[in-house]
Amino acid sequence: MKRLFGTDGIRGVVNRDLTGDLAYKVGLATAKIIHDGRFRVATNSPFANDFSTVIIGSDSRPSRSMLVSGLTCGLCAGGV
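Not measured: the values here are computed from a predicted model. (Residues numbered from 1 in each chain as written. Predicted model: local features only at pLDDT ≥ 70, side-chain atom pairs only at ≥ 80, totals over all residues. Heavy atoms only, no water.)

Asker: What's the story with the pattern of salt bridges in this structure? I'm lost.
Answerer: When charged atoms on two side chains of opposite charge get close, those side chains can pair. As enumerated under the stated definition, the model contains 4 salt bridges in all. A salt bridge links Arg16 to Asp17; its shortest N-O distance comes to 3.2 Å. For Arg16, a relative accessible area of 56% translates into the label exposed. Taking the relative accessible area as the measure of exposure, Asp17 reaches 15% and is therefore buried. The partner of Asp59 in a salt bridge is Arg61, with the nearest N and O atoms 2.4 Å apart. (Salt bridge = Lys/Arg side-chain N within 4 Å of Asp/Glu carboxyl O. Buried < 20%, exposed > 50% of the residue type's maximum accessible area, 1.4 Å probe, protein only.)

Encoded structure:
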């Protein structure tokens, strides 16, 4: 498998390496990590509550809507 993770995030060519399906799988894996308790939030954080909170940032490239949608679907499917 080609290396997709770099020092600044996931790297690749859109619709070849970076697909909506990959974004979905990353969202689902992220939800699993959150629910498994492997991700800790400081007790004094405003995000320390009973709800899983994820903030998604993106840039202005045309591919962002596909990738953000896939990531969001994976997170939601995973219960986040």
